[in-house]
Amino acid sequence: MAIGSTLPFRPAGTVALGATATSASIPLAGGGDSVVVTNTTTSLAYVRFGADPSVVATAADMPVLPNSRIMLGINTLITNVAALLASGSGTMLFTRGDGSYL
(Lines give C-alpha, C1' and ligand atoms only; values in the text may rest on other atoms or scores of the structure.)
Protein backbone atom coordinates (compact mmCIF):
# COMPACT_ATOMS: atom_id res chain seq x y z
CA MET A 1 0.00 0.00 0.00
CA ALA A 2 1.34 3.39 -0.94
CA ILE A 3 1.94 5.95 1.78
CA GLY A 4 -1.10 8.20 1.97
CA SER A 5 -3.48 5.72 0.39
CA THR A 6 -7.09 6.52 1.05
CA LEU A 7 -8.41 3.22 -0.27
CA PRO A 8 -5.85 0.65 -1.49
CA PHE A 9 -6.17 -0.30 -5.14
CA ARG A 10 -7.77 -3.72 -5.68
CA PRO A 11 -7.00 -4.98 -9.21
CA ALA A 12 -9.70 -6.97 -11.02
CA GLY A 13 -8.03 -7.72 -14.35
CA THR A 14 -5.17 -6.71 -16.64
CA VAL A 15 -4.93 -6.67 -20.43
CA ALA A 16 -1.84 -6.07 -22.58
CA LEU A 17 -2.07 -4.06 -25.80
CA GLY A 18 0.63 -4.18 -28.46
CA ALA A 19 0.92 -0.47 -29.24
CA THR A 20 2.44 1.24 -32.28
CA ALA A 21 2.20 4.65 -33.93
CA THR A 22 -1.25 3.56 -35.20
CA SER A 23 -4.17 3.45 -32.75
CA ALA A 24 -5.24 0.00 -31.58
CA SER A 25 -8.00 -0.94 -29.13
CA ILE A 26 -8.72 -3.79 -26.72
CA PRO A 27 -11.54 -4.70 -24.29
CA LEU A 28 -10.77 -4.06 -20.62
CA ALA A 29 -10.82 -6.98 -18.19
CA GLY A 30 -12.55 -7.06 -14.83
CA GLY A 31 -14.59 -4.27 -13.33
CA GLY A 32 -14.12 -1.20 -11.22
CA ASP A 33 -14.00 2.57 -11.43
CA SER A 34 -10.22 2.97 -11.82
CA VAL A 35 -7.63 1.93 -14.38
CA VAL A 36 -3.87 1.87 -13.90
CA VAL A 37 -2.25 2.51 -17.27
CA THR A 38 1.35 1.25 -17.49
CA ASN A 39 3.46 2.42 -20.40
CA THR A 40 6.32 -0.09 -20.59
CA THR A 41 7.78 1.57 -23.70
CA THR A 42 10.40 4.28 -24.21
CA SER A 43 7.91 6.37 -26.20
CA LEU A 44 5.20 8.81 -25.17
CA ALA A 45 1.78 7.11 -25.35
CA TYR A 46 -1.77 8.43 -25.71
CA VAL A 47 -4.87 6.64 -24.38
CA ARG A 48 -8.60 7.02 -24.81
CA PHE A 49 -11.43 5.03 -23.20
CA GLY A 50 -14.80 4.23 -24.76
CA ALA A 51 -17.98 2.18 -24.52
CA ASP A 52 -17.39 0.17 -27.72
CA PRO A 53 -14.53 -1.38 -29.73
CA SER A 54 -14.49 1.49 -32.24
CA VAL A 55 -12.67 3.81 -29.81
CA VAL A 56 -9.60 5.44 -31.41
CA ALA A 57 -6.71 7.22 -29.66
CA THR A 58 -5.10 10.35 -31.11
CA ALA A 59 -2.27 12.66 -30.06
CA ALA A 60 -4.96 14.91 -28.52
CA ASP A 61 -5.85 12.27 -25.89
CA MET A 62 -4.42 11.55 -22.41
CA PRO A 63 -0.61 11.33 -22.56
CA VAL A 64 1.25 8.70 -20.56
CA LEU A 65 4.97 9.29 -20.12
CA PRO A 66 7.48 6.61 -21.19
CA ASN A 67 8.28 3.90 -18.63
CA SER A 68 5.62 5.16 -16.22
CA ARG A 69 2.12 4.53 -14.97
CA ILE A 70 -0.91 6.62 -14.18
CA MET A 71 -4.22 5.87 -12.49
CA LEU A 72 -7.36 7.21 -14.13
CA GLY A 73 -10.98 7.15 -13.03
CA ILE A 74 -13.55 5.66 -15.40
CA ASN A 75 -17.20 4.70 -15.09
CA THR A 76 -18.89 1.32 -15.44
CA LEU A 77 -19.98 2.04 -19.03
CA ILE A 78 -16.35 2.05 -20.20
CA THR A 79 -15.49 -1.32 -21.74
CA ASN A 80 -12.64 -0.60 -24.18
CA VAL A 81 -9.39 1.32 -24.38
CA ALA A 82 -7.33 2.54 -27.34
CA ALA A 83 -3.68 3.58 -27.34
CA LEU A 84 -1.01 4.79 -29.70
CA LEU A 85 2.66 5.62 -29.34
CA ALA A 86 4.42 8.74 -30.59
CA SER A 87 6.98 6.38 -32.19
CA GLY A 88 8.11 2.78 -32.14
CA SER A 89 6.22 -0.14 -30.68
CA GLY A 90 5.79 -1.86 -27.34
CA THR A 91 3.34 -3.07 -24.73
CA MET A 92 0.80 -1.02 -22.80
CA LEU A 93 -0.83 -2.60 -19.73
CA PHE A 94 -4.31 -1.68 -18.46
CA THR A 95 -5.31 -2.89 -15.00
CA ARG A 96 -8.90 -2.24 -14.00
CA GLY A 97 -10.03 -2.25 -10.39
CA ASP A 98 -11.31 -0.23 -7.45
CA GLY A 99 -9.53 2.09 -5.07
CA SER A 100 -6.78 4.64 -5.34
CA TYR A 101 -3.23 5.46 -4.33
CA LEU A 102 -1.42 8.68 -3.63
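In the block above lies the structure referred to throughout.
All figures in this text were calculated on a predicted structure; none of them were measured in a lab. Position numbers for residues count from 1 along each chain, tracking the sequence in the order it is written. Totals for whole chains, interfaces and linings use every residue, but because this is a predicted model, local features are given only for residues with pLDDT of at least 70 and side-chain atom pairs only at 80 or more, for both listing and counting. For the side-chain quantities, the full set of heavy atoms in the structure was used; hydrogens and water were omitted.

## Description of the overall build of the protein
For the record, the criterion: Helix and strand labels come from DSSP, where a helix needs a run of H or I of at least four residues and a strand needs a run of E of at least two; each type is numbered from the N terminus. For every residue, the accessible area obtained with a 1.4 Å probe (protein chains only) is divided by the maximum for its type, and the residue is called buried under 20%, exposed over 50%, and partly exposed between those limits. Whether two residues are in contact is decided by their heavy atoms: any pair within 4.5 Å suffices. Positive residues here are Lys and Arg, negative ones are Asp and Glu, while His and the chain termini are left out of the count. By convention, the charge on Lys lies at NZ, on Arg at CZ, on Asp at CG and on Glu at CD.
On a plain count of helices and strands, the protein comes out with zero helices and eight strands. Mapped in sequence order, the helices and strands of the protein form the string β-β-β-β-β-β-β-β. Based on the C-alpha atoms only, the size of the protein along its principal axes is roughly 35 × 30 × 20 Å. Evaluated residue by residue, the protein yields a buried proportion of 40% over its 102 residues. Taking all contacts inside the protein whose residues are at least 6 apart in sequence as the whole, residues at least 24 apart take part in 78%. Here the protein contributes 4 positively and 4 negatively charged side chains, and the mean placements of these two sets differ by 6 Å.

## With respect to the sheet that holds strand β3 (residues 34-39)
Rule in force here: Strands were regarded as paired on the criterion that DSSP finds at least two bridges between them. Helix axes are fitted to C-alpha atoms over the stretch in contact, other axes to C-alpha atoms as well, and angles between N-to-C directions run from 0 to 180 degrees.
In spatial order, the strands read β1-β8-β3-β6; together these four strands make up an open sheet with antiparallel pairing. The open sheet is flanked by β1 (10-19) and β6 (68-73), the only strands paired with a single partner. Strand-to-strand twist across the sheet, computed as the mean angle between neighbouring axes with direction ignored, equals 20 degrees.

## Concerning the side chain of T95
Going by this rule: A 3.5 Å cut-off defines polar contacts: any pair of N or O atoms within that distance qualifies, except that in protein one atom must be a possible hydrogen donor and the other a possible acceptor, and neighbouring residues in sequence count only when both atoms are side-chain atoms.
Tracing the chain through its elements places T95 in strand β8 (residues 90-98). For T95, the side chain forms a polar contact with the side chain of T14, separated by 2.8 Å.

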